[in-house]
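Spelled out, the chains give:
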Amino acid sequence: KDQLLTEAQKVLNENFQKGGFTIPSKNLYPFQWKWDSGFIAIGYAHYDMNKAESEISTLLDAQWDNGFIPHIIFHTDTDTYFPGADFHKSELHPMSSKKYRSTGLVQPPVLGFVLEKIYHISKDKTRSLEFIGRQIDKVFHNHQYFYQNRDPLNEGLVYIYHNWESGTDNSPVWDGIFETMDSPEYEFERRDTSHVDPEQRPTKREYDHYLHIIEIAKQYNYDDQKIAQHSPFLVQDPLFNAMLIKSNESLIRLYTLLGSNDDKIEKLEKWQKKAVFQMNNKLFDNELNAYIYYDLRNKKPIRSISSSSFTPLFAGIPSKEDARKLIDTLISNFGGDDHYLCASFDPTSEHFKPKKYWRGPVWINLNWILFKGLKRYGFEDIANRVKADSIELITQNGFYEYFDCRKDVISSGNGAYGGNNFSWSAALIIDMLN
Ligand code: DGY
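Residues numbered from 1 in each chain as written. Predicted model: local features only at pLDDT ≥ 70, side-chain atom pairs only at ≥ 80, totals over all residues. Heavy atoms only, no water.

Novice: Got a sec to walk through a negative patch on the surface? Specific residues and values, please.
Specialist: On the surface, D262, D263, E266 and E269 cluster together into a negatively charged patch. Among the secondary structure elements, E269 is positioned in helix 13 (residues 262-283). The class of E269 is partly exposed, set by a relative accessible area of 43%. (Patch = residues over 30% accessible without salt bridge, like charges linked within 9 Å, V, L, I, M, F, W, Y side chains within 5 Å. Areas by Shrake-Rupley, 256 points an atom, 1.4 Å probe, with all protein chains shown as cover. Salt bridge = Lys/Arg side-chain N within 4 Å of Asp/Glu carboxyl O. Lys, Arg positive; Asp, Glu negative; His and termini not counted. Charge placed at Lys NZ, Arg CZ, Asp CG, Glu CD. Helix = DSSP H or I, 4+ residues; strand = E, 2+ residues; numbered from the N terminus. Buried < 20%, exposed > 50% of the residue type's maximum accessible area, 1.4 Å probe, protein only.)

Novice: If you had to explain helix 18 (residues 423-433) to someone new, which residues and values would you point to?
Specialist: Along an α-helix, residues three or four apart share an orientation, since each turn contains 3.6 residues. Most of helix 18 is tucked away: eleven of the eleven residues are buried. Looking at the buried residues of helix 18, the elements they touch are helix 1 (2-15), helix 2 (34-45), helix 5 (111-121), helix 15 (364-376) and helix 16 (380-397). (Contact = heavy atoms within 4.5 Å.)

Novice: I'd like a description of the packing of aromatic side chains, backed by residues and values.
Specialist: Taken as a whole and judged by the stated rule, the model has 41 aromatic pairs. Summarising the aromatic geometry, the rings of F82 and F188 are spaced 5.1 Å apart at their centres and angled 5° between planes, so their arrangement reads as stacked. You can see F82 sitting in the loop between strand 2 (72-74) and helix 4 (85-88) and its partner F188 sitting in the loop between helix 8 (175-179) and helix 9 (192-195), a full 106 residues away along the chain. In this structure F82 comes out as buried when scored by relative accessible area, which is 17%. When the ring of F178 is compared with that of F233, the centres are 6.4 Å apart and the planes differ by 35°; the resulting orientation is tilted. Placement of F178 in helix 8 and of F233 in the loop between helix 11 (224-230) and strand 4 (235-236) is noted, with a sequence separation of 55 residues between them. Each member of the pair, F178 as well as F233, carries the same accessibility label: buried. We note K125 situated over the ring of Y119; from NZ or CZ to the ring centre the distance is 5.1 Å. The lysine or arginine in question, K407, covers the ring of Y340, its NZ or CZ lying 5.2 Å from the ring centre. (Phe/Tyr/Trp six-rings, centres within 6.5 Å; stacked < 30°, edge-to-face > 60°. Lys NZ or Arg CZ within 6 Å of the ring centre and 35° of its normal.)

Novice: I'd like a description of the sheet that holds strand 8 (residues 300-302), backed by residues and values.
Specialist: In space, the three strands of this open sheet follow the order 4-7-8, with antiparallel pairing throughout. Two strands close off the open sheet at either side, each with one partner strand: strand 4 and strand 8. Across two bridges, the pairing between strand 4 and strand 7 (residues 293-295) is antiparallel. The partner of Q236 across the bridge, within strand 7, is Y294. (Pairing = 2+ DSSP bridges.)

Novice: Can you lay out the site of the ligand for me, pointing to particular residues and giving the numbers?
Specialist: Around the ligand, the neighbouring residues are Y29, W33, H71, Y81, W164, D169, R201 and Y357. Within the side chain of D169, an N or O atom sits 2.5 Å from an oxygen atom of the ligand. In the complex, 94% of the free accessible area of the ligand, which totals 240 Å², lies under the protein chains. Class assignment of the residues belonging to the shell around the ligand gives a composition of five nonpolar, one polar and two charged. (Near = heavy atom within 4 Å. Polar contact = N/O pair within 3.5 Å; in protein donor to acceptor, adjacent residues only side chain to side chain. Nonpolar A, V, L, I, M, F, W, Y, C, P; charged D, E, K, R; others polar.)

Novice: Report on unusual backbone geometry, specifying residues and quantitative values.
Specialist: Here the bond from F82 into P83 is cis, since omega is 0°, no more than 30 degrees from zero. In this structure, P83 sits in the loop between strand 2 and helix 4. In this chain, L341 is followed by C342 through a cis amide linkage whose omega measures -5°. Looking at the element boundaries, C342 is found in the loop between helix 14 (320-334) and helix 15. Even without a glycine there, the phi angle at N221 is positive, about 50°. Tracing the backbone shows N221 in the loop between helix 10 (204-219) and helix 11. For Y357, which is not a glycine, the phi torsion comes out positive at approximately 55°. Checked against the element boundaries, Y357 lands in the loop between helix 14 and helix 15. What makes Y357 buried here is its relative accessible area of 4%.

Novice: So what's going on with the packing of helix 2 against helix 3 (residues 49-61)? Which residues, and what values?
Specialist: The contact between helix 2 and helix 3 brings their axes to 7 Å, and the two run at 165°. It follows from the interaxial angle that helix 2 and helix 3 lie roughly antiparallel. Like other packed secondary-structure pairs, helix 2 and helix 3 cross with a definite hand, here left-handed. Judged by residue contacts, K34, S37, I40, A41, Y44 and A45 of helix 2 engage M49, K51, A52, E55, I56 and L59 from helix 3. Across the contact of helix 2 with helix 3, the residue classes tally to eight nonpolar, one polar and three charged. (Axes fitted to C-alpha atoms, helices over the stretch in contact; angles between N-to-C directions. Parallel < 35°, antiparallel > 145°, perpendicular 65-115°, else oblique. Left-handed = near helix turned anticlockwise from the far one by under 90°.)

Function-wise, these values are silent; they only describe arrangement.
Structural data, given as structure tokens:
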């Protein structure tokens, strides 16, 4: 255990940059990514609070005037990543940061619960509460941005307008949407596939769709209302909304600790009530016994089961009874004895691809969310299995980005994929071991 902790710290420390933030992985991801930074801060909090705080403050320094927090902050000019700042052109949006170039996309809103986690880990509560006091309004402003701009039907559920916003980039969930799109064949040079085996990354055609959605958003200068009207991709995602709900809950508790923020607590409670209700009302599928997706553009549910389908446990969303049903689905579809938990996409589906990024491989951040969620509902055995599987995958292979869920492939030594020395794999193993 001590050796694993030392190695994990080494991964984080080596990915730490002079600018005070941490890259997800050398070569493949040379900038600051939003949800990565959140998970990374949790790892640092266990042994270097300065770095944990710096991770959050550098990210929030790039917040836009409307509360938006971008998914990538291009701190440097390197052209080793595609698509970079010159493609995204966040400066098209009138309220974008004047200090940093970024994307005009978001990523799952993890910062609320990350701040609370830092507070719990901290041995110096006074210091941490002061730090949280300096940052919390920015996170609140971000939640307000979501509810005001990304919930056109005023349902309490927010939309994402790009698969990169989901965090689960090439999940089969999006395939049907791409089929409705008439994306041109763009000419561009990918950089990811020169660092990682193309078999483990999205295809060229998928990248055409990814770029096409952004081109449309750029035509409208990243205006949210226009995007809601015109984007071919407009989805209510269970993971994204569960992270927002979990973060609402943390903000309520942190504001209570800080005192005198009743107006904000009141707003958060209002959002929260509506959101939890609609998650269960609209996104829980009573036949599949899992949370699913809703395609707002094409006005229909997307009835797929992925690891995101179980993340509402982390936010306390399902009733005890529905939680039980979720676990049954998890065990029957994902939990075979020859499988590590938890595949990112339903292994019983014909679209499952065990090597391909978010079409099947196990990701440590989703495992961490699942582990916490299962514990919250008292499913200790399966929670411990998720934790043990995560530790075993890392111990046997190193701190890779994602892993094959098939035990025979892992034991043959070929099941570790994507970038090596991947920051959140290290950060969240540190948290699971503590
Ligand atoms: C990538 O480049 O694949 C990233 O996941 C985008 O956020």
